Amino acid sequence: MNETSSQQVLGTGLSGLVGSKVVELLTQYQFENIDVAHPTKPTDITKLDQVLATVESSPATVLLHFAAFTDVTKAWEQRNDKNGVAYQVNVVGTQNMAEAAKRTGKHLVHISTAYVFDGEKEASYTEEDPVHPIEWYGQTKAWAEEAVIQSGATYTILRIDQPFRSDPFNRPDVIRRLVNGLTQGTLPPQFTNHWIGPTFVDDFVNVIQWGIESKTPGIFHASSGEKWTDYDLAKAVQDILHVPGELKEGDLDAYLAKSNRPYQRNTAMSTEKLRHYLPQPQLTVREAIARVRLDVAATR
Ligand SMILES: NC(=O)c1ccc[n+]([C@@H]2O[C@H](COP(=O)([O-])OP(=O)(O)OC[C@H]3O[C@@H](n4cnc5c(N)ncnc54)[C@H](OP(=O)(O)O)[C@@H]3O)[C@@H](O)[C@H]2O)c1
């Protein structure tokens, strides 16, 4: 049994696409999820008194904050509505977690997104680039980061982009959407002028472990560090996973002319900073795609 074998970690969003993989793979920790449906300590993260009571009663020294309203299109429908669930969960919920971390002296690991950027930069974003969100989800996540930074708590902010898992979740991630679209013949043309930085969740789990163990303060980009067009990613999925189907090139500008919400053109991030800290290198996106299991059904 090693030193960390029974370390308790208190988290939010541990049932989500990313958080549930962390719980599954980091078996050396005892995770407890802060949740309204908790059997003995139901906690609404938008209520400071409830969050404080739950955090104060926990022996955990680290808080992992994954919970968020992540539907970007639905968030856009709530734009400028500070009573809306996106603002309440993403901003107020994070303010409360950061305040609880500060008051209890626990370290906060906060998960953020490349959508805090406007997507206009041609190169991959670094931690030095100023945030400049262009839609409501990104805006709420930028305010959430600000709340963490201003709280006085010790924190590690980890920004990711387009997370995908080796196994299926209850909603398809970026790779499963490509596989499903290709095999079902429903894949829309894939943009050759839209760039993303996919994040392999199974590998990102190692970054979470590093955050829990090292409590290194600051903002870190924790995607793959690579920059892919949608089209090239779909092509790689076809090649590596042997997925048949027709792949057509699409144009983001033509799509945006008909779209009623803004899109970031580039959300790729450089992970140069994180690389100096991580004990082992991250997998490449091609290596990660090769680990995607198409032979198992969704269990969640
Ligand atoms: N998915 C992406 O494309 C993406 C990209 C970049 C960054 N991120 C960030 O990564 C983190 C995890 O995202 P994800 O994709 O794993 O999210 P997800 O699958 O949408 O899960 C969201 C999690 O938040 C919880 N949650 C939502 N509202 C809550 C509330 N009011 N109180 C308590 N818990 C609440 C959900 O709990 P229930 O299941 O009980 O509702 C669920 O566990 C988020 O901070 C997100 O902003 C995600």
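Up top is the structure.
Calculation notes
Residues numbered from 1 in each chain as written. Predicted model: local features only at pLDDT ≥ 70, side-chain atom pairs only at ≥ 80, totals over all residues. Heavy atoms only, no water. Helix = DSSP H or I, 4+ residues; strand = E, 2+ residues; numbered from the N terminus. Rg over C-alpha atoms; globule rule 2.2 N^0.38 Å. Buried < 20%, exposed > 50% of the residue type's maximum accessible area, 1.4 Å probe, protein only. Contact = heavy atoms within 4.5 Å. Areas by Shrake-Rupley, 256 points an atom, 1.4 Å probe, with all protein chains shown as cover. Lys, Arg positive; Asp, Glu negative; His and termini not counted. Charge placed at Lys NZ, Arg CZ, Asp CG, Glu CD. Near = heavy atom within 4 Å. Polar contact = N/O pair within 3.5 Å; in protein donor to acceptor, adjacent residues only side chain to side chain. Nonpolar A, V, L, I, M, F, W, Y, C, P; charged D, E, K, R; others polar. Salt bridge = Lys/Arg side-chain N within 4 Å of Asp/Glu carboxyl O. Phe/Tyr/Trp six-rings, centres within 6.5 Å; stacked < 30°, edge-to-face > 60°. Lys NZ or Arg CZ within 6 Å of the ring centre and 35° of its normal. Pairing = 2+ DSSP bridges. Axes fitted to C-alpha atoms, helices over the stretch in contact; angles between N-to-C directions.

Another point: the overall build of the chain. Of the regular secondary structure elements, the chain holds eleven helices and twelve strands. What you see for the chain is a C-alpha radius of gyration of 19 Å, in line with the 19 Å of a compact globule of 300 residues. Judged by the C-alpha coordinates and their principal axes, the chain covers about 55 × 45 × 40 Å. Looking at the chain residue by residue over its 300 residues, the buried ones come to 55%. Summarising the internal contacts of the chain: among those between residues at least 6 apart in sequence, 76% fall at separations of at least 24. Counting every atom, the chain has about 13,400 Å² of accessible surface; 50% of that belongs to carbon and sulfur. Charged side chains in the chain number 29 positive and 37 negative. The centres of these two groups are separated by 3 Å.

The environment of the ligand is made up of 20 residues, and the closest members are Ser15, Thr70, Tyr137, Lys141 and Arg171. Ile111 is positioned with one of its backbone polar atoms (N or O) 3.4 Å from an oxygen atom of the ligand. In isolation the ligand offers 900 Å² of accessible surface; the protein chains occlude 77% of this area. When contributions to the shell around the ligand are tallied by element, the ones reaching two or more residues are β4 (107-113) and α5 (136-150). Per element, the largest residue contribution to the shell around the ligand is three residues, and it comes from β4. Looking at side-chain class alone, the shell around the ligand contains eleven nonpolar, six polar and three charged residues.

Turning our eyes to something else, we now look at the side chain of Asp161. As for its placement among the helices and strands, Asp161 is situated in the loop between β5 (155-160) and β6 (163-164). Here Asp161 sits buried without a salt bridge, and the closest side chain of opposite charge, Arg177, lies 9.3 Å off (N-O distance). Within polar-contact distance, the side chain of Asp161 engages the backbone nitrogen of Gly197 at 2.7 Å. Not counting chain neighbours up to four residues away, the residues in contact with Asp161 comprise Ala114, Tyr115, Ile196, Gly197, Pro198, Thr199, Ser223, Thr267, Ala268 and Met269.

On to the packing of aromatic side chains, then. Under the criterion given, the structure shown has twelve aromatic pairs. Here the aromatic residues Tyr87, Trp136 and Trp143 are joined through ring pairs into a cluster of three or more. The ring of Trp76 is capped by Arg79, whose NZ or CZ atom sits 4.1 Å from the centre of that ring. Sitting over the face of the ring of Phe220, Lys273 holds its NZ or CZ atom 4.4 Å from the ring centroid.

Residue position: Leu256 is located in helix α9 (residues 252-258). A residue is classified by how much of its surface remains accessible, and Leu256, at 25% relative accessible area, is partly exposed. Sequence-distant contacts of Leu256, that is, excluding residues within four places in its chain, are made with Arg261, Tyr263 and Arg265.

This part is about the sheet that holds strand β10 (residues 218-221). Spatially, six strands are ordered β2-β1-β3-β4-β5-β10 in an open sheet, and the strand pairing comes out parallel. The open sheet terminates on both sides in strands that have one partner only, identified here as β2 (30-34) and β10. Going from strand to strand, the sheet's axes swing by 20 degrees on average, the running direction of each strand aside. Both β4 and β5 contribute to a ladder of six bridges, which runs parallel. Paired with His110 across the strands is Ile157, a residue of β5. The strands touched by α5 within the sheet are β4, β5 and β10, with β4 carrying the most contacts at an inclination of about 160 degrees. Against the sheet, helix α7 (residues 201-214) engages β1 (8-12), β3 (62-65), β4, β5 and β10, with an angle of about 170 degrees to β5.

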